[in-house]
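# Coordinates in review
Read off the chains here:
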Amino acid sequence: MEKPMFYFGSCYLWTLMALSLTGMGMAVGLMVAVVPVCIFLIDRLRRPVQGKQKLKFFLAAGAIVLVACIAFLLQTMLVYRPALSHAGEEVSDTFLVTEVLNDSASGAHRCVVLVEGREPVRRLRLSSDTYEPRVGDVFRGTLQLKALGEQNPAVARYYKSRGLYLGATSGGRIDADPLDETEARGDVYVPPVRLAWWTLRIRLTTLRETLTDRIGEWLPPQEAGVLEGMLVGDKTDISPDTNTAFQRAGVLHLFAVSGFHVSLWTMLVYKILLHFGAGRKSASGGAILFLFLFVALTGFPRSAVRAGIMLGVFFLSRMFVRSSEPLNALGVAVLVLVLPNPFYAGDTGVLLSYAATLGILSWYPSLSKTLREYLMERIPNYKLRKRVESPLDVLLVSFCSFVFTLPVMVLTFGNVSLVTLLSNLLVSSASSAAILLTGLGSLLAAVPGLSLLCPWCFLGAGVLARFMVSSCTVLAGLPLAYISLSGRGFGLGLAGALLVTVAGFVLYSSLQERGLIRVTALLSVIVLLGSVFTETALNRTVTHVVFPDVEGSCAVVIHRHGAAIIGCGSDEYGSVQALKDLFQREGVTKVSALVVPRETKTEAGAVKAVKEAFEPEVYLPPESFAGPEEQVIDLWPEVTLHLYRQERDYPAARLAVQGVDSLLLFRPTVRVDALPPEARSAAICYLRGKRPEGLKLPTSSYIIVSGETGEVDARVSKGRFRLYRR
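Quick caveat: nothing in here was measured; it's all calculated off a predicted structure. (Residues numbered from 1 in each chain as written. Predicted model: local features only at pLDDT ≥ 70, side-chain atom pairs only at ≥ 80, totals over all residues. Heavy atoms only, no water.)

### Regarding the overall build of the protein
Across its full length, the protein carries 21 helices and 21 strands. Burial status across the protein gives 48% buried among its 726 residues. For the protein, the proportion of contacts with a sequence separation of at least 24, taken over those separated by at least 6, is 63%. Of the roughly 35,300 Å² that the protein leaves accessible, carbon and sulfur atoms contribute 61%. (Helix = DSSP H or I, 4+ residues; strand = E, 2+ residues; numbered from the N terminus. Buried < 20%, exposed > 50% of the residue type's maximum accessible area, 1.4 Å probe, protein only. Contact = heavy atoms within 4.5 Å. Areas by Shrake-Rupley, 256 points an atom, 1.4 Å probe, with all protein chains shown as cover.)

Following this line, the structure appears as structure tokens:
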């Protein structure tokens, strides 16, 4: 059987991905279904039947599914649940910072700390507003533990894929010292091997900070932020507008140190070694060594580790196997990634990396060969043919990656960029040159005599960065550049495309006409894209009133071409992350207004986090409202917010959107009898936590409870509305 490791690795990955989305019930159900099938296949193999190779393959696939289910159940019952049982406890110990995280939407400093000898509570996500962590810091203190993502399954899956199950906060000040100083004083004992490892990581972290500082010294903030993100994955200085433009243009992956960056530098080193006379094995060994150092320099981000493992397997196969199969290397890399932590398959980045690599390895060689043969027939001149072939090769790579990652993006994000091929053609080549110039300029700045070339390297990199930002901004602003595929129109179009495909295959098998399959594929694409464009065009007249599922509070988002956020949850990460997911899924690019009818002490941090994350054009805090009992705010044409004062703040509001009223109750203690009749007769009622006493609504009203009902989208147009629950 060809490519066995690819099939087994893929089967293991997709099984664990499905289990991470569904849970233990699906794992048990799969085991119950697969065991009889495996027994049947074993019985068939004992008999003299034809096709034993296929039976062995299906038996092996069934065994892989069983192993995946068992691994998922063991990880859940023996590691995850025992760790969650410590939520609410306090831990007093000595802690070591092993990783600095940049996933806080509220601006809090987050890091991963290691607790010695406390399985399964060994790794914690520490969050602090005052302590700015560094890799290798050591401190002693008492931390309060809590479960991560308890109310948000997406957040829980994200941290489970990182092997983090508990969060931690400190009630007091954290005073940390570097590991080498602490060890020298004798406060802690670290084995020599571990001390050498952490010393290497600390020095590489210092080197990375030096590189980013040099970029910031030579370039303006916008270009410096872009190049820092591309070179070492540091996205802290990238502005929200730039991030949105790259996202809508479909090239946001450039800001993650992934396969593009790792392969660019590693293949460059590999070719240089070959050029200077090194053999294939020696060059592969040198590439593996550089690969490890580069991934360490970037701080071991997961995207770089994934790419590093895949490239490492590839170079190892080059060293020990004469004719290596790239797809087998992909399968081995997937197994190496997922075997230590079955929850790792729930990370969307893993699936995107796998799908993109699979598309390039499986489609690109044949398409490139066909393109080369076609150009040889049409363009006899070698130099001209190469100039035409180079940009087309970039398009082919982008096309293969786009086709294979499209299902993952639709399932996880619900939207897709239609300009990604064009943006990759314009930006990818420029980004390669910009990364090389930035890295070269940072290195030359430290070499006496060669530092004179440093300004020219940064000048070229800055010009390319400005070109990339301008190109992405223009492409992201095109009509239908970034569309949502989460509506019913896309589902109907997909069903129609599948019916056309099935009909085409039926006719193709009976008529045996080769051209018919091409016509079928073309018709399927036309039906699918037609449904997408039609729904997008029709939705331009629809106003969406979305009630996100946020933790411990309530929020309302009205979006058409922008968004108005009313109310903020008291959980900073949960509220902001839920809104970010919503904006990304629905293609929202700006926040027109942030209205905060009431703000308590527990909600102050969330309001600050929302302001910093989305940068609203208009911010209306409670103190901006005057003293009348009813405050009217015109948000957009046909969109009005009526705030009702009770005591010191505005705990209730009526949102009028194109003739459809929604009653918003921001706290359970609202005096409903004091509200005007038009508010009490609203078609939709959105509650926080529980139903207030005395609330009597018409029987036709729809009641939505924050944290219980889930996310609800009310699509309003011309006095009518439909509710969609996500």
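Alright, that's what it looks like, and here's the rest.
### So, the packing of helix α8 (residues 240-249) against helix α16 (residues 454-476)
The contact between α8 and α16 brings their axes to 8 Å, and the two run at 65 degrees. Here the hand of the crossing between α8 and α16 comes out left-handed. Together, T242, A245, F246, R248 and A249 of α8 and M468, V469, C472, T473 and A476 of α16 make up the contact between the two elements. Each residue belonging to the contact of α8 with α16 can be placed in one class, and the counts come to seven nonpolar, two polar and one charged. (Axes fitted to C-alpha atoms, helices over the stretch in contact; angles between N-to-C directions. Left-handed = near helix turned anticlockwise from the far one by under 90°. Nonpolar A, V, L, I, M, F, W, Y, C, P; charged D, E, K, R; others polar.)

### Some remarks on unusual backbone geometry
Of note in this structure, Q658 is not a glycine but carries a positive phi near 50 degrees. Looking at where Q658 falls in the secondary structure, it is placed in the loop between β16 (649-657) and β17 (660-665).

### Thoughts on the pattern of salt bridges
Under the defined criterion, the tally for this structure stands at eight salt bridges. Residues R162 and E99 are paired through a salt bridge, measuring 2.4 Å at the closest nitrogen-oxygen approach. With R162 in the loop between α4 (153-161) and β5 (166-170) and E99 in strand β1 (residues 90-101), the pair connects residues that are 63 residues apart, well separated along the chain. Residue R162 is classed as buried on the basis of its relative accessible area of 17%. Between K386 and E389 there is a salt bridge whose closest N-O contact spans 3.9 Å. One end of the pair is K386 and the other is E389, both in helix α14 (residues 382-412) and three residues apart, which spans about a single turn. Judged by its relative accessible area of 34%, K386 falls in the partly exposed class. We classify E389 as buried; its relative accessible area is 5%. One continuous salt-bridge network, built from bridges that share partners, spans R372, K386 and E389. (Salt bridge = Lys/Arg side-chain N within 4 Å of Asp/Glu carboxyl O.)

### What about the pairing of strand β20 (residues 712-717)?
Of all six residues that make up β20, five are buried, and the element is covered over most of its length. In the sheet, strand β9 (residues 543-547) pairs with β20 via five bridges, with the strands oriented antiparallel. From the neighbouring strand, H544 faces β20, where its bridge partner is R715. (Pairing = 2+ DSSP bridges.)

### Things to note about helix α1 (residues 4-22)
Residues spaced three or four apart along an α-helix face the same direction, because each turn holds 3.6 residues. Over its 19 residues, α1 runs 27 Å from end to end, which matches the ideal 27 Å to within 8%, given 1.5 Å per residue. Close packing links the buried residues of α1 with α2 (24-45), α3 (52-84), α4, α12 (326-338) and α13 (348-378). (Expected span 1.5 Å × (residues − 1).)

### Quick notes on the nonpolar core
As a rule of thumb, nonpolar side chains are buried together in soluble globular proteins. Y12, L13, L16, L330, V338 and Y354 are the most contacted members of the largest nonpolar core, which has 42 residues in total. Those elements that provide at least two residues to this core are α1, α2, α3, α11 (302-320), α12 and α13. The greatest single-element share of this core, amounting to 11 residues, is contributed by α3. Setting aside anything within four residues of it in sequence, one finds L16 in contact with A68, F72, V338, P342 and A345. (Core = buried A, V, L, I, M, F, W, Y, C linked by side-chain atoms within 4.5 Å.)

### Some thoughts on the environment of L464
You can see L464 is positioned in helix α16. In this structure the C-alpha to C-alpha distance between L464 and L227, which are 237 residues apart in sequence, comes to 9.6 Å.

### Side note on the state of the cysteines
Tallied over the full model, the rule gives zero disulfides. Considering cysteine sulfurs only, C11 is the nearest to C69, which forms no disulfide, with 9.5 Å between them. (Disulfide = S-S within 2.5 Å.)

### Comments concerning the side chain of T242
Inspection of the secondary structure puts T242 in helix α8. In contact with T242, other than residues within four places in its own chain, are Q222, V226, F255 and V469.

### Side note on the side chain of S284
As for its position among the elements, S284 is in helix α10 (residues 280-297). Look past the residues within four positions of S284 in its chain and what remains in contact with it is Y270, F315, R318 and M319.

### With respect to the packing of aromatic side chains
Going through the model one piece at a time under the given rule, you end up with 12 aromatic pairs. A centroid spacing of 5.9 Å and a plane angle of 75 degrees characterise the contact between W14 and Y354, whose relative ring orientation is edge-to-face. Of this pair, W14 sits in helix α1 while Y354 sits in helix α13, placing them 340 residues apart in sequence. Given the relative accessible area of 33%, W14 is considered partly exposed. Note on Y354: relative accessible area 3%, which makes it buried. When the centroid spacing of 5.6 Å and the interplanar angle of 85 degrees are considered together, the rings of F72 and F343 count as edge-to-face. (Phe/Tyr/Trp six-rings, centres within 6.5 Å; stacked < 30°, edge-to-face > 60°.)

### Structural notes on the pairing of strand β14 (residues 630-636)
Direction of pairing for β14 relative to strand β15 (residues 639-646): antiparallel, over a ladder of six bridges. Following the sheet pairing, E630 is matched in β15 by Y644.

### Some thoughts on the packing of helix α15 (residues 420-444) against α16
Interhelical geometry of α15 versus α16 gives an angle of 155 degrees and a closest axis separation of 8 Å. As the angle between them shows, α15 and α16 are arranged roughly antiparallel. Considering only the axes of α15 and α16, their crossing is left-handed. In the contact of α15 with α16, the residues fall into 18 nonpolar, six polar and no charged. (Parallel < 35°, antiparallel > 145°, perpendicular 65-115°, else oblique.)

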